[in-house]
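Summary of the model geometry
This is what each chain is made of:
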Amino acid sequence: MSIIYVLIPIAIVLVLLAIGIFFWAVKSNQFEDLERQGYNILFDDDVDKKVQVKKPKTNDK
Amino acid sequence: MQNSNSQNCYHCGLPIINGEVFWADILGEPRKMCCPGCQAVAEAIVSNGLEDYYRFRTEFADKGDELLTETLDTLKAYDHEEIQQEFVVDDGSQKQIQLTIEGISCAACGWLIEKQLLKTPGIKRIAVNVSARRATINWIDSELKLSEIIGQLESIGYHALPFQADEHEASYQKESKNYLKRIGLAGLMSMQVMMLAIGLYFGIFGSIDDATKEFLHWVSFLLTTPVVLYSGFTFYKSAFSSLRMGSVNMDFSVSIAIIGTFVASAWATISHTGEIYFESVCMFIFLLLISRFLEHRSRHQASLISANMFKYIPLTAMQIDDDNKQTSVLAKHLKKGQKIVVRPGETFPVDGVIINGNGNVDESMLTGESEKIRKSTGAHVYGGTINLSGSFEIEVENELKLSLVNKILRLQELALSDKPKAAVYADIASKYFIVIVLGITLISYVGWLAYQPERAFWVAISILVATCPCALSLATPTALTSAIAKLNQYGLLVKRANIIDVMPDVDTVIFDKTGTLTNGHFSVSDVELFNAADETFVYNLAAGLELYSKHPISHAFQSQTPCAVSQVVTVAGKGLQGTYQSQVVKIGNISILDNSDGLRPTEDDSRVYLQLGNQLIAAFSVKDVVKKDAKQLVDDLRSKQLVMLSGDSEINASLVADSLGIPNVYFRQTPIQKLTYIQNLQAKGHKVLMIGDGINDAPVLAAADVSIAVGDASDMAKRSADIILLNSKLSNVKFAVSMAIKVRTKIKQNMVWAIGYNALILPLAVAGYLSPWMAVIGMSLSSIIVVANSIRLLR
């Protein structure tokens, strides 16, 4: 049973870490627009590639 | 959603009417466009490699701006240092601005805007908030001007305006974040504490050695402390402020329960006697915070929609100094006696007297009257109204902050503060309830002190825990939240949740006319032909002329095949004149006719005349159209007293009222008259539901017991209304009324259950029969039943 004297403090540290991250996320407005972030996965990566390959002109400007 | 109908514009989804089709290559295919504006926007999007926008969007875009270059010119005003001071945060190296963006319809728009702007050199960071329709942009001023940023947005079809969050909204925002943090902390901690508690529960049946048990107790204590101190703080604060006002509210009992349970558990941990209920404290705070947050957020969303008022008060004005030199100045710096010039199509920045010029003014946003008003030298004009034709020189009468628009705003705020507080049953019930419980607790404590002193404290605490008004305090918010969520599905945004309590008592319904029951758009209701003219030809000719006008009435004249009219000029205050097949053609009010054919101008002759050559050929009666489901709405509410208060003329108002069957009509009402009317009714004990849309309705909407802003209501009306109807389905208003009645029943049921449970458990607790874990289970169970009952409203 003595293992819980090690595991529980570790759990507490992890929870504190999670709370820290959560507070940071709230502070940096990450919960303001939940609708939009869900769509990001549809766009970003492949589009960036396309822009680089297909549209070198726009970057030259 | 992709374009299925080939007759619609691929970009904006509007039908292609004029027969002229524009093309743009999108996603490898040529697509039809309705106008050069849409074409330009689509090409800009494609050439920037942002075609994916079309692949993933879920809504059509706004129509493109056909006069893009002109629009871009006017944007230069935003580069003025002085104007920027108002909105721009400058941290030395970068500037930051919040822009309200019109035309965002789905998440793909947010992506499009971010991609487009991030390509622009000089922009450091951009974050688009789709639901709020806002963007926050950081840029380097030496590389890029603000007008260029807004120009970039225009080029892909969005209109941007600098935005400054008002006080209300800023505080909502702050409160929202606070709630989130408190909920997050309580949630994460609750998980831990519950985990330990489950271990301890099993300890009841199995065996945990005492040392481990004590360790788990201390860990729970440690984890619960921040939840009680930080997450529960909102409750103590509210309880404290109500105590200072000399009353007890729900939060008072909640606070007592939290602190009492927590202190008792802490004491049990330290002294090794008695039970602990840290897990119940955590869960209680967590659940309660969630319901509070949901209620808060629905109000918050409403405030986002209504926050932007910049459309009504222009930023800049063109000032003329003594040497007749024109300079652009900030509207709010204009002083009494200064002279400004206002060109056609512009909004008057301040109140003033016309010293030169004449033309038509649209004052509908102030007066609600749908017809244009002719103004000439000596007449007064008001800030926020729109100059439809003619160029005016104006002497400033009132500074911006004293202008009529601001006066109406203040009137509304006054009404808002006057608003009778809805009597929330829960608060009244809990007030008595908590006083009774506190009294009983005290008596039992004293009684047990005399009988078995060592048990007295625990009995008192167990009474407080067992009768913890969780269920009671959840009864109202959960029912309200469910109702609000359901109403949202129907496009009804509830801003003040307590109106649901008042709604069932409403006995009088007051309608505004223009924009509420009618579309506010003109159409031709009747045409009289003269000199053997042909009806189709007359329509086509009128439409051909009116193509050149931006006047609201011109929308009434639309035709698939307008006649080609050339050399069209606006005759200020009268109408339009042009040439058709080398004949002079005129359209406008009676004063434009050369020879009025014996027609006598009368005060109320609002008809539009058409003259070809020397002959009068037609007279059109132009009317506002009643909305499709207005009749349905009026019939739905017929059990109540119906009144129409309109700013419009007697003829227009009574015509609409008669066709809908509204018995009481008041016309030519000013905002102040409307307000007095409602206040008189309220003084007689009536409960008033107001349905309106205009700025002129704002004070009335705020004063009414319940108010609904409909359709394309002005931002000001949305700010004052309790409920905003987001779509144009008027019939949903009826749904709000019936929902309110359901909610009231639901709340009553919840109350009966919560109080019944407490009444049952109280004697057991007082008699000392209740072991603490029973109290906890009973407490949670009664809450769960209440929540489950409320959730049934969602079905």
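Residues numbered from 1 in each chain as written. Chains lettered and ligands numbered in written order. Predicted model: local features only at pLDDT ≥ 70, side-chain atom pairs only at ≥ 80, totals over all residues. Heavy atoms only, no water.

1. With respect to the overall build of chain B
Definition in use: Secondary structure follows DSSP: runs of H or I at least 4 residues long count as helices, runs of E at least 2 residues long count as strands, and numbering of each begins at the N terminus. For each residue, the accessible area found with a 1.4 Å probe, counting protein chains only, is set against the maximum for its type, and the residue is called buried under 20%, exposed over 50%, and partly exposed in between. In this analysis, two residues are considered to be in contact whenever any of their non-hydrogen atoms come within 4.5 Å of each other.
Within chain B, the regular secondary structure consists of 25 helices and 29 strands. In chain B, which comprises 795 residues, the proportion classed as buried is 54%. A separation of at least 24 residues holds for 66% of the contacts in chain B among residues at least 6 apart in sequence.

2. Comments concerning the overall build of chain A
Heads up, the condition is: Surface exposure here means Shrake-Rupley accessible area, sampled with a 1.4 Å probe, where a residue is shielded only by the protein chains that are shown.
Helix and strand counts for chain A come out as three helices and zero strands. Counted from the first residue to the last, chain A has its helices and strands arranged as α-α-α. Roughly 4,600 Å² of accessible area belongs to chain A as shown, and the carbon and sulfur atoms make up 65% of that amount.

3. Notes on helix H24 (residues 732–766) of chain B
In an α-helix, one turn spans 3.6 residues; hence positions three or four apart end up facing the same way. Condition: Given a helix with a known number of residues, its expected span is that number minus one, times 1.5 Å.
Taking 1.5 Å of rise per residue, the 35 residues of H24 of chain B would be expected to cover 51 Å, and the 50 Å separating its terminal C-alpha atoms lies within 8% of that figure. Among the residues trailing H24 of chain B, Gly768 of chain B stands out with phi positive, at a value near 80°.

4. As for a nonpolar patch on the surface
Going by this rule: Each patch is assembled from residues with relative accessible area greater than 30% and no salt bridge, linking like charges that lie within 9 Å and nonpolar side chains (Val, Leu, Ile, Met, Phe, Trp, Tyr) that lie within 5 Å. Salt bridges are defined by distance alone: a side-chain nitrogen of Lys or Arg within 4 Å of a carboxyl oxygen of Asp or Glu.
On the surface, Ile3, Tyr5, Val6, Leu7, Ile10, Leu14, Leu17, Ile21 and Trp24 of chain A cluster together into a nonpolar patch covering about 920 Å² of accessible area. Structurally, the position occupied by Leu17 of chain A is in helix H1 (residues 4–27).

5. What about the pairing of strand E12 (residues 359–362) of chain B?
Each regular strand displays side chains that alternate between the two surfaces of the sheet. All names here are of chain B. Rules: Only when DSSP finds a minimum of two bridges between them are two strands counted as paired.
Pairing geometry for E12 and strand E13 (residues 373–375), over three bridges, is antiparallel. Residue pairing in the sheet places Asn360 in a bridge with Arg374 of E13. Bridge count for E12 against strand E15 (residues 386–387) is two bridges, and the pairing is antiparallel. Bridge pairing links Val361 to Asn387 in E15.

6. Quick word on the confidence of the model for chain B
All names here are of chain B. Keep this limit in mind: For every residue, the predictor assigns a confidence score, pLDDT, that lies between 0 and 100.
Here chain B averages 76 in pLDDT, while 80% of its residues score no lower than 70. Mean pLDDT per element in chain B: helix H13 (residues 404–418) is the minimum at 58, and helix H8 (residues 210–231) is the maximum at 91. Contacts from residues 1–5, a stretch scored under 50 in pLDDT, to residues over four places away or in other chains number eleven contacts. Scoring the predicted complex yields pTM 0.55 and, for the interface, ipTM 0.72.

7. Some thoughts on the pairing of strand E18 (residues 508–511) of chain B
All names here are of chain B. Burial of the side chains of E18 extends over both faces: Thr508 and Ile510 are buried on one face and Val509 and Phe511 on the other. Direction of pairing for E18 relative to strand E25 (residues 641–645): parallel, over a ladder of four bridges. Each bridged residue has a counterpart across the sheet, and for Ile510 the counterpart in E25 is Val643. Two elements, E18 and strand E27 (residues 688–692), share four bridges in a ladder whose sense is parallel. The residue of E27 that forms the bridge with Val509 is Leu689.

8. Side note on the sheet that holds strand E28 (residues 706–709) of chain B
All names here are of chain B. Note the following rule: Each axis is a line fitted through C-alpha atoms, and for a helix only the stretch in contact is used; angles between axes span 0 to 180 degrees, taken between their N-to-C directions.
Strand order in this open sheet of seven strands is E17-E29-E28-E27-E18-E25-E26, and the pairing throughout is mixed. This sheet does not close on itself; its edge strands, each paired only once, are strand E17 (492–494) and strand E26 (664–666). For this sheet the average axis-to-axis angle between neighbouring strands, irrespective of direction, equals 20°. Packed onto the sheet, H24 meets E17, E27, E28 and strand E29 (723–725) and runs at close to 45° relative to E17.

9. Describing the confidence of the model for chain A
All names here are of chain A. Taken residue by residue, chain A gives an average pLDDT of 71. The fraction at 70 or more is 51%. Across chain A, H1 holds the top mean pLDDT of 91, while helix H3 (residues 56–60) sits lowest at 40. Note on residues 46–61: pLDDT under 50 across the span, and 16 contacts to partners over four residues away in sequence or across chains.

10. Re the environment of Tyr179 of chain B
Here Tyr179 of chain B lies in helix H7 (residues 167–205). Along the primary structure Tyr179 of chain B and Thr234 of chain B are separated by 55 residues, whereas in three dimensions their C-alpha atoms are 8.9 Å apart.

11. Things to note about the nonpolar core
Residues and elements named next belong to chain B. The following threshold applies: Throughout this description, the term nonpolar core refers to a set of buried Ala, Val, Leu, Ile, Met, Phe, Trp, Tyr and Cys residues connected via side-chain atoms within 4.5 Å.
In this structure, Ile258, Ile285, Phe511, Leu517, Ile662, Ile691 and Val743 are the most contacted members of the largest nonpolar core, which totals 91 residues. The greatest single-element share of this core, amounting to ten residues, is contributed by H24. Discounting residues that sit within four places of it in the chain, Leu517 has contacts with Phe511, Asp512, Val626, Lys627, Ala630, Leu633, Val634, Met644, Leu660 and Ile662. Among the nonpolar cores identified, the runner-up in size contains 50 residues, and Cys35, Cys38, Trp111 and Ala135 belong to it.

12. So, the packing of H8 of chain B against helix H9 (residues 233–244) of chain B
Residues and elements named next belong to chain B. We apply this condition: Roughly parallel means an angle under 35 degrees; roughly antiparallel means over 145; roughly perpendicular covers 65 to 115; every other angle is labelled oblique. Residues were grouped as follows: Ala, Val, Leu, Ile, Met, Phe, Trp, Tyr, Cys and Pro as nonpolar; Asp, Glu, Lys and Arg as charged; and all remaining residues, including Gly, as polar.
The interhelical angle for the contact between H8 and H9, taken along N-to-C directions, is 40°, at an axis separation of 5 Å. For the element pair H8 / H9, the angle class is oblique. On H9, the residues that touch Val228, Leu229, Tyr230 and Ser231 of H8 are Phe233, Thr234 and Tyr236. A breakdown of the residues in the contact of H8 with H9 according to their chemical character gives five nonpolar, two polar and no charged.

13. Thoughts on the packing of helix H5 (residues 107–119) of chain B against helix H6 (residues 146–155) of chain B
Residues and elements named next belong to chain B. Stated formally: When the near helix sits turned anticlockwise from the far one by under a right angle, the crossing is termed left-handed; a clockwise turn instead gives a right-handed crossing.
At a minimum axis distance of 10 Å, the contact between H5 and H6 shows a crossing angle of 135°. One element, H5, and the other, H6, form an angle in the oblique class. Here H5 and H6 pass one another in a crossing that is right-handed. Only Ile149, Gln152, Leu153 and Ser155 of H6 make contact with H5, whose side of the interface consists of Ile113, Gln116 and Leu117.

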